[in-house]
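For reference, the chains in residue letters:
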2 protein chains.
Amino acid sequence: MDQVLSSVRNGCKLLKIFLDSPKELGVTELSKKLQLSKGAVHKLLTTLESEGFIRQNEKTKQYTLGYTLLELGTKVLKNHDIVDFSMPYINRLLSRTSELVVLCVRDGKDAIYVAKVDSPHPIRFTVESFRRFPLYSTSAARVLLAYQPDEFQEEILAEPLKTYTEHSYTSTEEIKQNLQIIREHGYEVSSNRRNEGVTGVAAPIFDSSDQVAASISVVGPSDRVQPELDNILREVLETVQEMSVQLGYRP
Amino acid sequence: MDQVLSSVRNGCKLLKIFLDSPKELGVTELSKKLQLSKGAVHKLLTTLESEGFIRQNEKTKQYTLGYTLLELGTKVLKNHDIVDFSMPYINRLLSRTSELVVLCVRDGKDAIYVAKVDSPHPIRFTVESFRRFPLYSTSAARVLLAYQPDEFQEEILAEPLKTYTEHSYTSTEEIKQNLQIIREHGYEVSSNRRNEGVTGVAAPIFDSSDQVAASISVVGPSDRVQPELDNILREVLETVQEMSVQLGYRP
DNA sequence: AAACACCGTTCTCTATTCGTGAACAAACTA
DNA sequence: TAGTTTGTTCACGAATAGAGAACGGTGTTT
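Nothing here was measured: the structure is a model prediction, and the numbers come from that model.

1. Focus on the pattern of salt bridges
Working step 1: Under the counting rule described, the total for this entry stands at 40 salt bridges over all chains.
Working step 2: R142 of chain B is the partner of E188 of chain B in a salt bridge, and the nearest nitrogen-oxygen pair spans 2.5 Å. Of the two residues, E188 of chain B sits in strand β6 (residues 188–191) while R142 of chain B sits in helix α6 (residues 139–145), which places them 46 residues apart along the sequence.
Working step 3: Looking at E188 of chain B, the relative accessible area reads 4%, which means it is buried.
Working step 4: On the basis of relative accessibility, which here comes to 1%, the residue R142 of chain B falls in the buried class.
Working step 5: Here the salt bridges do not stand alone but share partners, grouping D20, D107, D110, R131 and R132 of chain A together with E71 of chain B into one network.

2. Structural notes on the relation of the copies chain A and chain B
The relation between the two chain copies is a rotation about an axis coupled with a shift along that axis.
Working step 1: Relative to chain B, chain A is turned by 180° and slid 0.0 Å along the rotation axis, the superposed coordinates differing by an RMSD of 0.0 Å. Taken together, the turn and the small shift mark the pair as related by a two-fold rotation axis.
Working step 2: The fraction of interface residues of chain A whose copies in chain B are also interface residues reaches 100%, indicating that both copies meet through the same surface.

3. What about the side chain of T47 of chain A?
Working step 1: Mapped onto the elements of the fold, T47 of chain A is located in helix α3 (residues 38–50).
Working step 2: For T47 of chain A, a relative accessible area of 0% gives the class buried.
Working step 3: With near-sequence residues (within four places) excluded, T47 of chain A lies in contact with Q3, V4, L5, V8 and R9 of chain B.

4. Quick look at the environment of N192 of chain B
Working step 1: Locating N192 of chain B in the fold gives a position in the loop between β6 and β7 (198–206).
Working step 2: Separated by 30 residues in the primary sequence, N192 of chain B and S222 of chain B have C-alpha atoms spaced 7.8 Å apart.

5. Side note on the protein's contact with DNA strand C
Working step 1: Contacts to DNA strand C come from 23 residues, most closely from S6, G26, T28 and Y63 of chain A together with S37 of chain B.
Working step 2: Counted by atom, the contact set of DNA strand C within 4 Å of the protein is 68% sugar and phosphate.
Working step 3: Here S6 of chain A contributes a side-chain N or O atom positioned 2.7 Å from a phosphate oxygen of DNA strand C.
Working step 4: A distance of 3.0 Å is found between a base nitrogen of DNA strand C and a side-chain nitrogen or oxygen belonging to K38 of chain A.
Working step 5: Every element with two or more residues in the surface near DNA strand C is listed here: α1 (6–17), α2 (27–34) and α3 of chain A together with α1 (6–17) and α3 (38–50) of chain B.
Working step 6: For the surface near DNA strand C, the class distribution of residues is six nonpolar, 13 polar and four charged.

6. Quick notes on the packing of aromatic side chains
Geometrically, a pair of aromatic rings is defined through the distance of the ring centres and the angle of the planes.
Working step 1: Counted under the stated rule, the structure contains eight aromatic pairs over all chains.
Working step 2: Pairing F85 of chain B with Y89 of chain B gives two aromatic rings, centres 5.4 Å apart and planes at 50°, and the pair type is tilted. Of this pair, F85 of chain B and Y89 of chain B both sit in helix α5 (residues 81–97), four residues apart, which is roughly one turn of the helix.
Working step 3: Residue classification places Y89 of chain B among the buried positions, given a relative accessible area of 11%.
Working step 4: With 5.1 Å between their ring centres and 90° between their planes, Y147 of chain B and F206 of chain B make a pair best called edge-to-face. You can see Y147 of chain B sitting in the loop between α6 and α7 (150–158) and its partner F206 of chain B sitting in strand β7, a full 59 residues away along the chain.
Working step 5: Linked through ring pairs, Y147, F206 and Y249 of chain A together constitute an aromatic cluster.

7. Quick notes on the pairing of strand β4 (residues 110–117) of chain B
Residues and elements named next belong to chain B.
Working step 1: In terms of burial, β4 is a largely internal element, six of the eight residues being buried.
Working step 2: Sheet topology note: the strand β3 (residues 100–107)/β4 ladder contains seven bridges and is antiparallel. Bridging across to β4, C104 finds its partner in Y113.
Working step 3: Pairing of β4 with strand β5 (residues 132–134), which is carried by three bridges, proceeds in the antiparallel orientation. The residue bridging D110 from the neighbouring strand is P134, located in β5.

8. As for the sheet that holds β7 of chain B
To summarise the sheet geometry, strands pair through backbone hydrogen bonds and adopt either a parallel or an antiparallel arrangement.
Residue and element names in this part refer to chain B.
Working step 1: A sheet is described by the order of its strands in space; here six strands give the open sequence β5-β4-β3-β8-β7-β6, paired in antiparallel fashion. Both outer strands of the open sheet, β5 and β6, are each paired with one neighbouring strand and no more. Strand after strand, the sheet turns through a mean of 30° between neighbouring axes, direction not considered.
Working step 2: With five bridges joining them, β3 and strand β8 (residues 212–221) adopt antiparallel strand pairing.

9. So, the interface of chain A and chain B
Working step 1: Taken residue by residue, the interface counts 54 residues in chain A and 54 residues in chain B.
Working step 2: Of the roughly 5100 Å² buried at the junction of chain A and chain B (both faces included), carbon and sulfur atoms supply 62%.
Working step 3: For the pair chain A and chain B, the number of links is twelve salt bridges.
Working step 4: Taking the shortest distance from any N to any O, the salt bridge between E128 of chain A and K78 of chain B comes out at 2.5 Å.

10. Considering the protein's contact with DNA strand D
Working step 1: As a structural note, the neighbourhood of DNA strand D is formed by 22 residues, with S37 of chain A together with S6, G26, T28 and Y63 of chain B the closest of them.
Working step 2: For DNA strand D, the fraction of protein-proximal atoms (within 4 Å) that sit in sugar or phosphate groups is 67%.
Working step 3: Separating a phosphate oxygen of DNA strand D from a backbone N or O atom of S37 of chain A is a distance of 2.7 Å.
Working step 4: Between DNA strand D and H42 of chain B there is a distance of 3.0 Å, counted from a phosphate oxygen to a side-chain nitrogen or oxygen.

Reading the values: the criteria
For every chain, the first residue of its written sequence is number 1, and the numbers climb from 1 along that sequence. Chain labels run from A onward and ligand labels from 1 onward, assigned in the order the entries are written. For a predicted model such as this one, the threshold for reporting local features is a pLDDT of at least 70, and the threshold for listing and counting side-chain atom pairs is 80 or more; totals across whole chains, interfaces and linings nevertheless cover every residue. Side-chain numbers here rest on the full set of heavy atoms in the structure, without hydrogens or water. Just to be clear on terms, a salt bridge is a Lys or Arg side-chain nitrogen sitting within 4 Å of an Asp or Glu carboxyl oxygen. Strands here mean DSSP runs of E at least two residues long; helices mean DSSP runs of H or I at least four residues long; both are numbered from the N terminus. Burial classes: relative accessible area under 20% of the type maximum marks a residue as buried, over 50% as exposed, and values in between as partly exposed (1.4 Å probe, protein chains only). A residue counts toward the fit only if its pLDDT is at least 70 in both copies, and the copies are then superposed by least squares on the C-alpha atoms of those residues. Residue contacts are counted whenever heavy atoms from the two residues lie within 4.5 Å of one another. Here a residue is near a molecule or strand as soon as one of its heavy atoms is found within 4 Å of it. Think of a polar contact as two N or O atoms within 3.5 Å of one another; within protein, one of them needs to be a possible hydrogen donor and the other a possible acceptor, and neighboring residues in sequence only count if both atoms come from side chains. Note that Gly is not counted as nonpolar here; it falls among the polar residues with everything else outside the nonpolar set of Ala, Val, Leu, Ile, Met, Phe, Trp, Tyr, Cys and Pro and the charged set of Asp, Glu, Lys and Arg. Only centres within 6.5 Å qualify two rings of Phe, Tyr or Trp (six-membered ring in Trp) as a pair; their planes then separate them into stacked at under 30 degrees, edge-to-face at over 60, and tilted for everything else. Two strands pair under a simple rule: DSSP has to find at least two bridges between them. Each axis is a line fitted through C-alpha atoms, and for a helix only the stretch in contact is used; angles between axes span 0 to 180 degrees, taken between their N-to-C directions. Computed with a 1.4 Å rolling probe, the buried area is the accessible surface lost when two parts are put together, summed over both parts.

Structure (structure tokens):
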């Protein structure tokens with residue numbers, strides 16, 4: 001029945017606390033956030049430290065994430081063949097559009113940018129790689145969500161939504177309609193939705209099992225992207241189609 | 001007395017198995033390597049999966065490292081101010097030497113390259129970042145080891161040594177003498193030691209508490225580096241001295 | 001300078017849980 | 001089709017995780 005090891009889960013949660021915290025944390029602080037006794041947290045920390053997942057600052061006695069996580073993180077990227085496969089296409093899109101190009105994948109109920117190349121323009125829009133965000137919050141993510149099974153979509157949209165700008169979605173109904181439109185068109189153009197003054201074009205990449213493997217998005221300041229929208233859209237669609245064919249997708 | 005949580009340690013060891021394995025592993029294989037029952041490993045995996053540390057390939061039923069490790073790994077780099085601090089100096093060294101420049105730190109009994117910039121030459125020597133290696137095996141690492149307390153050095157050299165090339169150290173005595181020389185000179189020039197035909201210059205960076213914060217090394221093919229050795233050595237020493245002063249080191 | 005407050009760490013103890021080993025169904029292999 | 005191997009589930013007894021109080025050190029306040 002019990003298929004989860006509570007102390008292991010506590011260890012994982014402890015590590016993840018550092019994602020949204022300053023670099024160093026103390027035992028007391030962690031015990032509050034984890035709702036565990038100080039003694040238990042201390043045992044967790046010494047265990048994680050002995051494996052290199054946590055490091056203790058000898059002066060402040062506080063704790064930080066350890067280098068083993070850096071090793072494991074780079075191994076994740078190395079394992080991820082879609083990144084290697086996509087880099088040439090992403091770079092080609094950059095050279096043809098001169099705007100930010102990102103590669104987005106789904107992980108469970110979240111989306112993550114696993115690769116990006118920045119625009120060469122001095123004024124440019126950029127994003128943070130390797131951080132999770134909701135599947136409904138950016139074009140690149142919505143394009144992934146649009147091709148998931150209905151039950152999965154319902155599950156995602158059942159949770160309370162976070163709003164980012166005045167143009168963000170306010171209702172799940174609005175998102176559902178949007179997902180419908182994405183399926184009809186095969187792409188999404190979004191303007192000023194999550195970020196004010198930013199326009200993006202996103203489209204899905206399919207693999208041989210007819211599932212979405214990832215998505216690509218070209219994003220930039222609206223005043224530069226809008227005039228070039230037709231060209232950018234054509235480039236993005238050509239690219240994802242070429243990539244899908246390479247992956248063995250039969251439309 | 002028992003200050004370690006065994007299941008947490010098992011979880012950590014499970015994750016680290018993936019560092020030296022192909023990208024996907026099965027329950028049976030992992031249970032052999034961990035010397036744990038299949039049932040226990042399966043519980044570990046489902047727990048780690050629910051926290052995003054592990055992912056299961058739905059087709060092959062095998063397991064891989066999860067994206068949360070990527071998030072945590074990038075957070076480690078972000079926390080690490082020595083990297084940000086060093087980048088300008090590293091880039092300057094690259095522009096002046098045109099050879100590989102690496103930044104090396106110590107983590108427990110290991111060394112890790114936490115930053116590097118590759119040589120622009122078409123024929124070049126390069127290294128892998130973010131992977132652990134022994135503190136006695138490269139110049140950059142030995143320069144860190146040379147300024148550690150004697151007891152620590154003994155501890156490191158008590159373990160059986162790994163040899164890499166015919167020029168590698170064969171005895172701990174040889175390494176001890178080498179560490180002594182490093183302390184006298186304040187740097188190390190090594191030729192063809194770990195890698196055949198490769199010469200490197202490494203020197204330590206000190207901080208305000210008079211301890212080694214990191215080391216910098218310039219490495220390249222011997223036939224390009226040897227003729228320029230005097231210049232490269234001068235550049236490296238100037239750089240680490242400037243960095244140490246910036247960090248508050250009082251010689 | 002003394003009292004206080006807070007920190008990380010250690011300790012003991014019991015309810016809880018972890019890990020074993022066997023049995024399971026599903027997917028390959030021959 | 002029979003045999004092997006896979007990932008998964010289950011029940012139980014031994015091992016341990018976590019609570020809570022106490023310790024010693026550091027830094028702050030009165």
